[in-house]
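Listed here are the chains, written in short residue letters.
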Amino acid sequence: MTHRTHHHDAPARAASAAPGVLTPFSVTHHTLHALASTEPSAEGSRLVSDVRRSKRLVLLRAVLDAAPGGPGGESGEHWALLEEAERHDPEAVRDVLHYPATGAWAEETLRRLHAPYGPAPDLGHLGALAVAAALRAGIGFKATLKPVHGRLVLPTLGLLRPARPGPLALDERSWDTGADTAADTAAGAEALPLHVLPGGRTALDDLDPYRAPAAGHPAPVRPARRLTPKGHKRWDTQWSGALTLLERYDTARAEETGRLLRSVVPLAGGSRSNGATLPAAAGSLLARAQPPPALAATLVHEVQHGKLAALADILTLHTADRTPRFWAPWRSDPRPLEGLLHGAYAHLALAGYWQRAALYGARGAWAQHARIRAQVAAALPTLRACPELTPAGREFTDAMAAAEKAMDELRPPGDQYATARRALDRERRAWCAAHPELTAFIRA
């Protein structure tokens, strides 16, 4: 069967100086529907991963081209070290370049390179990326880097704290890649390794300076400072518990989380948000410490935001602006169409997760499922009625609606769903009373 393809608008030609090759993208009907359902699929995960890699290489190439001196300057020397490391260990270099915080650095650096005023771009971080890649690839090299505020972060490895101020000379002996505790290195600096969470390659990143939004970013999140060993142990326990629940209730989502989530950034105490996802740091989740059941739900929720952000990079789903005018049943403030779409998508996945958890007897799961499904069902008519949806966006939201409707096959016992809908109707009326000028944007 032949499917219509949707091509992205970003450059599709290869970046000749970038490790890896960029290729055009297309999204078949089958893949679009699989992603719209929120259910994990091999083709959906593959597309998300490929889009993230392609976007990152284009972004890194843009930084290299915009840097003073271009590929022939100091940045070009760092890139040459990256290329040499890639020849020896492509997977190690790929992990460094596609580490979530690297994307946040690249976007911020590119903004600063093109801004006539403001802070200078942190091009020295490209050297840190190159050194981290060379150390992981196990090649011989020599490089001199300048620590920032007495710290030199090596992405995916950790950070070095030099004993003395000034530039730091580095070579292949400067980091013990097998170390998992603080130790002195051959560079005469203390090494603090990045903490790896149990059960896989996901890092608990409380070190990288680009792990969270830059100062002035509108996202209301603040990363925690370096955690104590007790803090790391607490996260290990909560993470292990959350993965156990995911594997028990929804094995496919547990596997999807492992494939698409590379790092977790702990939020500072007092954070109101359970979790957040930043498109610039694809593959990362910002989350506060929370009990395993809540953390498992946060993982399900936030992974969907990352999937939808990747799809939106190659496919235009709507042409609406950022005006906040829609009722989102899970929030009290009006939301733009983009926010409503993202919220409905993430909550659709949560409704499915709690439905599966309920079938395994998880306490309170049916009530969670009924409440969240009622919210999604209330938002979908508004989404589907929006004239700003593109044909692809209409197909996507129609497939979301079909996935929500399919939940009828396993309804909650008793009248829990009807009760949830009645409660939601009261919330809708209260919201309309508070925002009478926006009631025209609500569809029943």
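Residues numbered from 1 in each chain as written. Predicted model: local features only at pLDDT ≥ 70, side-chain atom pairs only at ≥ 80, totals over all residues. Heavy atoms only, no water.

**What to know about the overall build of the protein chain**
The following threshold applies: Only DSSP runs of H or I reaching four residues or more are called helices, and only runs of E reaching two or more are called strands; each is numbered from the N terminus. Using a 1.4 Å probe on the protein chains alone, a residue whose accessible area is under 20% of its type maximum counts as buried, one over 50% counts as exposed, and one in between counts as partly exposed. Contacts are residue-level and defined by heavy atoms, with any inter-residue pair within 4.5 Å sufficient. The accessible surface values rely on the Shrake-Rupley method and a 1.4 Å probe; as for residues, cover is taken only from the protein chains in view.
Of regular secondary structure, the protein chain possesses 13 helices and 11 strands. The burial tally for the protein chain puts 54% of its 444 residues in the buried class. Partitioning the intrachain contacts of the protein chain with sequence separation of at least 6 by distance along the chain shows that 66% fall at a separation of at least 24. When the accessible surface of the protein chain is summed, it comes to about 20,200 Å², and 53% of that surface belongs to carbon and sulfur atoms.

**A short note on the confidence of the model for the protein chain**
Quick reminder of the rule: Here pLDDT means the predictor's own confidence in every residue, given as a number from 0 to 100.
For the protein chain, mean pLDDT is 89; residues scoring 70 or higher make up 90% of the total. Summarising per-element confidence for the protein chain, the mean pLDDT is lowest in strand β5 (residues 183-184) (55) and highest in helix α12 (residues 391-405) (98). Segment residues 1-22: pLDDT under 50, and 53 contacts once partners within four positions in sequence are set aside and those in other chains are kept.

**Here's the deal with the packing of helix α7 (residues 229-249) against helix α8 (residues 251-260)**
Between two packed helices, the angle of one axis relative to the other and the distance separating the axes together describe the packing. Quick reminder of the rule: Axes, fitted as lines to C-alpha atoms, cover a helix only where it is in contact. Angles between the N-to-C directions of the axes lie from 0 to 180 degrees. The scheme is simple: roughly parallel for angles under 35 degrees, roughly antiparallel for over 145, roughly perpendicular for 65 to 115, oblique for anything else. In this classification, Asp, Glu, Lys and Arg are treated as charged, Ala, Val, Leu, Ile, Met, Phe, Trp, Tyr, Cys and Pro as nonpolar, and every other residue, Gly included, as polar.
The geometry of α7 relative to α8 is characterised by a closest axis approach of 5 Å and an angle of 135° between their N-to-C directions. With respect to each other, α7 and α8 are oriented oblique. Where α7 approaches α8, its residues L246, E247 and Y249 are matched on the opposing element by T251, A254 and T257. When its residues are assigned to classes, the contact of α7 with α8 shows 3 nonpolar, 2 polar and 1 charged.

**Digging into the side chain of H435**
Secondary-structure assignment places H435 in the segment after α13 (416-434). The class for H435 is buried, based on a relative accessible area of 17%. Each residue touching H435, except ones within four places of it in the same chain, is listed here: S332 and P334.

**Structural notes on the nonpolar core**
In a soluble, globular protein the nonpolar side chains are often hidden away together inside. Condition: We call a set of buried Ala, Val, Leu, Ile, Met, Phe, Trp, Tyr and Cys residues a nonpolar core when their side-chain atoms join them within 4.5 Å.
L311, F396 and M400 are the most contacted members of the largest nonpolar core, which totals 71 residues. Counting residues per element, this core draws most heavily on helix α10 (residues 337-359), which supplies 13 residues. Once residues within four sequence positions are removed from consideration, M400 is found in contact with A36, L341, A344, Y345, L348 and L380. Formed by 50 residues, the second largest nonpolar core is a distinct cluster that contains V63, A134, L159 and L160.

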